[in-house]
Every structure is written in C-alpha cells, then in structure tokens.
Amino acid sequence: QVQLVESGGGLVQPGGSLSVSCVASGFTFTTYAMRWYRQAPGKERELVASISATGGRRNYADAVKGRFTISRDNAKNAVYLQMNSLKPEDTAIYYCNAYHVIFEYVYWGQGTQVTVSS
C-alpha cells in the first residue's frame with residue numbers, strides 16, 4: 001500500500017542539470033519528512049538532502065550544497081530534487097525516503113538512475 005515512485009533520472013553531461021521526482025501514496029504524506037539518498041557503484045548509500053514535513057527546514061550534504069535543491073508539494077504528495085552543475089561523482093541511484101520523526105517509520109522508493117558522463 002505504501003509506495004514511493006521516483007522518476008526523472010537519466011544521462012546528463014558534466015555541468016548539466018537534471019530534476020528527479022518522487023510521488024508518494026499509502027500514508028499521510030504531510031506528517032513525514034522526506035529525504036533523498038543516493039548510492040554510487042561500490043559505495044555505501046548516503047544522505048543527499050532532507051526536507052521537513054512543512055518544507056520549512058532543508059538540509060544538504062556538503063558534497064551537493066549550493067548545487068542541489070530539495071522541495072516538496074504536499075498537495076501533490078511529491079518531493080523533488082533539482083540537481084545543477086552535475087559532476088561525474090554524482091552518478092548514482094537516487095532513492096526517495098520518507099520518515100516519521102516521532103515513530104521513526106521509514107519508507108523507501110525503488111530508485112532512479114542518474115548518470116553524469118561525457
């Protein structure tokens with residue numbers, strides 16, 4: 001019943017931009033903070049960005065700060081990640097994640113592949 005569906009991944013050249021989306025269903029979206037994680041080949045999954053339930057608080061990993069922007073639209077049960085000035089190091093599967101701070105419920109999407117290459 002709970003579902004997080006990512007879309008928008010693809011191939012982009014270094015320095016380019018890409019936006020990925022995640023649409024949620026099956027839970028009360030407005031009570032969950034949202035996060036984007038990524039996992040590159042041969043590396044551990046890492047937190048990229050997070051946004052509070054109301055959208056009032058945003059945090060970013062140092063590696064993407066100033067280049068990526070996370071946002072959400074509670075009316076659409078969606079969270080987005082705008083990625084600019086992409087680097088080959090950004091190549092990874094990007095996963096949408098929902099978490100309930102109080103009860104620590106966590107849900108994961110299936111991921112969308114982002115490849116940055118010339």
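This report concerns the structure included in the present document. (Residues numbered from 1 in each chain as written. Predicted model: local features only at pLDDT ≥ 70, side-chain atom pairs only at ≥ 80, totals over all residues. Heavy atoms only, no water.)

## Observations concerning the pattern of salt bridges
Opposite charge on two side chains permits them to pair, given that their charged atoms come into close proximity. Using the criterion set out here, one finds four salt bridges in the structure. Where Lys-65 meets Asp-62, a salt bridge forms, and the shortest distance between an N and an O atom there is 3.2 Å. Of the two residues, Lys-65 and Asp-62, neither departs from the other in class, the shared state being exposed. Across the pair Arg-67 and Asp-90 runs a salt bridge whose closest N-O atoms are separated by 2.8 Å. Pair noted here: Arg-67 is in the loop between β6 (58-60) and β7 (68-73) and Asp-90 is in the loop between β8 (78-83) and β9 (92-99), with a separation of 23 residues, a long-range link. Take Arg-67 and Asp-90: they sit in the same class, and that class is buried. One connected set of salt bridges, linked through shared partners, spans Arg-38, Glu-46, Arg-67 and Asp-90. (Salt bridge = Lys/Arg side-chain N within 4 Å of Asp/Glu carboxyl O. Buried < 20%, exposed > 50% of the residue type's maximum accessible area, 1.4 Å probe, protein only. Helix = DSSP H or I, 4+ residues; strand = E, 2+ residues; numbered from the N terminus.)

## Remarks on the environment of Lys-87
Its location among the elements puts Lys-87 in the loop between β8 and β9. On a C-alpha basis, the gap between Lys-87 and Gly-16 in space is 8.3 Å, while along the polypeptide they are 71 residues apart. Excluding anything up to four places from it in sequence, Lys-87 contacts Arg-67 and Val-116. (Contact = heavy atoms within 4.5 Å.)

## A look at the nonpolar core
Within the largest apolar cluster, 28 residues are counted, with the highest numbers of intra-cluster contacts made by Trp-36, Leu-81, Met-83 and Tyr-94. Mapped onto this core, the elements with two or more residues apiece are β3 (18-25), β4 (33-39), β5 (46-51), β7, β8, β9 and β11 (112-116). Beyond its immediate stretch of four places on either side in the chain, Leu-81 contacts Leu-18, Ser-19, Val-20, Trp-36, Val-48, Ala-49, Phe-68, Thr-69, Ile-70 and Tyr-94. (Core = buried A, V, L, I, M, F, W, Y, C linked by side-chain atoms within 4.5 Å.)

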